[in-house]
Amino acid sequence: MVHSAMRSFGHEQVTHFVDDETGLEAIVAIHDTTLGPSLGGTRLLPYESHDEALEDVMRLSRAMTYKAAATDLNLGGGKAVIVADPEMKDDDMMRAYGRMIDRLGGHYITSVDVNTGVDDMDIVAQETDHVVGTSAGLGDPSPITARGVFEGLRASVEATYDTPDMTDLEVVVQGVGKVGSGLAELLVEHDATVTVSDMNVEAMDAIARDLGVETVDPGEVYSHPCDVFAPCAVGGVINDETIPQLECDVVAGGANNILAERRHAQVLHDAGVLYAPDYVINAGGLITVAAEHTGKSREEARRDAIAIGDRMRSLISRAEREGTTVLEAADRYALDLIEATDDEPMSQVAN
Ligand code: NAD
């Protein structure tokens, strides 16, 4: 399975770590280090099988290669998963994990992801230098992520309506957690008409009260008429079932893996909906941890995230020129950069 997965995804190195003493089982997947050391978070989940964990880490690490390259960061793509119940996580397990990361000699740099946080990275940092997202670092990247999503969304609006003016632009924000709430706030500041939605009704009502905006039931979020639909909750929300319900011209949000499948970018394109590739506009998180790695300040990271707007403008132009989706243009940009640096052409595309 590992061998065939490595061949089909094009990975450089996949390492399986087991530590009986602490119950740690981890897989680190280094997809591509042509542009620099691989960087990506550690996801901790109670995967039902080894194959499920492997598939997840292979897919996620490959996506990191594209995200880093499309953002012009001198970094490669990598990701790690720890197969465990979040309840089982303890300091000994994270320390053992840190020792294992250290053995990779800096080819993989880890950080936070689902079910791992700053406290965990502080423990990992006791065993290795190849970690970012610690309490000594640049802090929560979410506001910078939200800013980048806002800039990418604004560039998409400009391309669609020939004006960046957001006055009365109707935007539905799905998921008002750390990224979605930050995005909603920026949109309101720019006079957009925002509607928020979240499975957590209490959180949704609180944000709606704070910002003075309307809410829509999570079950009706896709069919709610708007100009821009901004998914900021979970992945896979743009799929065969939801696309026919959409009443918007632009899909631009902060969630990872917004499309259930890569082909949905083309389905949206054919329906006249501009899709802003998630990995391009939500790169503010990666920009922040990369800044931490290279010793840049939070303000520099924020400026780099603001540049996501220009990046989107240039990708939209390329897509128009080449008659493709913006996702295709972004993938092509990333691949061109990697191939120009390396002799070995990469054969795969993200998702
Ligand atoms: P979060 O946990 O703070 O917020 C997620 C919110 O979505 C929660 O309020 C949750 O109740 C809500 N939600 C979950 N499922 C939902 C559903 N089906 N319908 C409606 N609401 C739902 O997470 P976050 O940090 O804001 O991240 C949001 C998304 O952005 C994730 O996909 C994450 O991977 C991605 N992302 C985050 C960052 C970052 O810097 N935080 C960076 C890049 C990408």
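Provided above is the structure to which this section pertains.
Residues numbered from 1 in each chain as written. Predicted model: local features only at pLDDT ≥ 70, side-chain atom pairs only at ≥ 80, totals over all residues. Heavy atoms only, no water.

Student: So what about the pairing of strand 4 (residues 76–83)? Which residues, and what values?
Tutor: Across the eight residues of strand 4, eight count as buried, placing the element largely inside the fold. Burial of strand 4 is two-sided: the residues Gly-76, Gly-78, Ala-80 and Ile-82 facing one way and the residues Gly-77, Lys-79, Val-81 and Val-83 facing the other way are all buried. As paired strands, strand 2 (residues 24–32) and strand 4 are joined by six bridges and run antiparallel to one another. Residue pairing in the sheet places Ile-30 in a bridge with Gly-78 of strand 4. (Buried < 20%, exposed > 50% of the residue type's maximum accessible area, 1.4 Å probe, protein only. Helix = DSSP H or I, 4+ residues; strand = E, 2+ residues; numbered from the N terminus. Pairing = 2+ DSSP bridges.)

Student: Break down the nonpolar core for me, with residues and values.
Tutor: Within the largest apolar cluster, 75 residues are counted, with the highest numbers of intra-cluster contacts made by Leu-153, Val-173, Leu-187 and Ile-238. Not counting the four nearest positions on each side in its chain, Leu-153 is found in contact with Met-166, Val-171, Leu-183, Leu-187, Val-228, Ala-230 and Ala-252. (Core = buried A, V, L, I, M, F, W, Y, C linked by side-chain atoms within 4.5 Å. Contact = heavy atoms within 4.5 Å.)

Student: I'd like a description of the layout of surface pockets, backed by residues and values.
Tutor: The computed volume of the largest pocket comes to approximately 1,400 Å³. Together, 48 residues line the largest pocket, and Arg-43, Val-112, Asp-113, Val-114 and Asn-256 are the ones closest to its centre. Its residues assigned to classes, the lining of the largest pocket comprises 18 nonpolar, 21 polar and nine charged. Lining the lining of the largest pocket are residues from two domains, each supplying at least three of them: domain 1 (2–62 + 78–124) and domain 2 (142–281). In this structure, the second largest pocket encloses a volume near 270 Å³. If you trace the second largest pocket, you find 16 residues lining it, with His-269, Val-273, Leu-274, Tyr-275 and Val-326 closest to the centre. Residue contributions to the lining of the second largest pocket peak at three residues, all from helix 12 (residues 308–322). Among the residues forming the lining of the second largest pocket, the class breakdown is nine nonpolar, five polar and two charged. (1 Å grid on protein atoms, 1.4 Å probe; cavity = no way out; pocket = protein on both sides within 12 Å on 5 of 7 lines; lining within 4 Å. Points joined across faces, edges and corners; volume = space filled by probe spheres on them. Nonpolar A, V, L, I, M, F, W, Y, C, P; charged D, E, K, R; others polar. Domains from an automatic or database assignment.)

Student: Residues and numbers for the pattern of salt bridges, please.
Tutor: Summed over all chains, the structure comprises 23 salt bridges. For Glu-127, the salt bridge identified is with Arg-95, shortest N-O distance 3.9 Å. Placement of Glu-127 in the loop between helix 4 (118–124) and helix 5 (142–161) and of Arg-95 in helix 3 (residues 91–103) is noted, with a sequence separation of 32 residues between them. What makes Glu-127 partly exposed here is its relative accessible area of 25%. The exposure class assigned to Arg-95 is partly exposed, which follows from its relative accessible area of 24%. Linking Asp-331 and Arg-262 is a salt bridge whose minimum nitrogen-to-oxygen distance equals 2.4 Å. Here Asp-331, found in helix 13 (residues 326–341), pairs with Arg-262, found in the loop between strand 10 (250–251) and helix 8 (264–270); they are 69 residues apart in sequence, far enough to count as distant. A single burial state applies to Asp-331 and to Arg-262, both of which are buried. Members of the salt-bridge network, linked through shared partners, are Arg-318, Glu-322, Arg-332, Asp-336 and Glu-339. (Salt bridge = Lys/Arg side-chain N within 4 Å of Asp/Glu carboxyl O.)

Student: How would you explain helix 13 if you had to name every residue and give the values?
Tutor: The end-to-end C-alpha separation of helix 13 is 23 Å, in line with the 22 Å expected for 16 residues at 1.5 Å each. Listed as buried for helix 13 are Val-326, Leu-327, Ala-329, Ala-330, Asp-331, Ala-334, Leu-335 and Ile-338. Of the surrounding elements, those touching the buried residues of helix 13 are strand 2, helix 2 (50–70), helix 8, strand 11 (274–275), helix 9 (278–281) and helix 12. (Expected span 1.5 Å × (residues − 1).)

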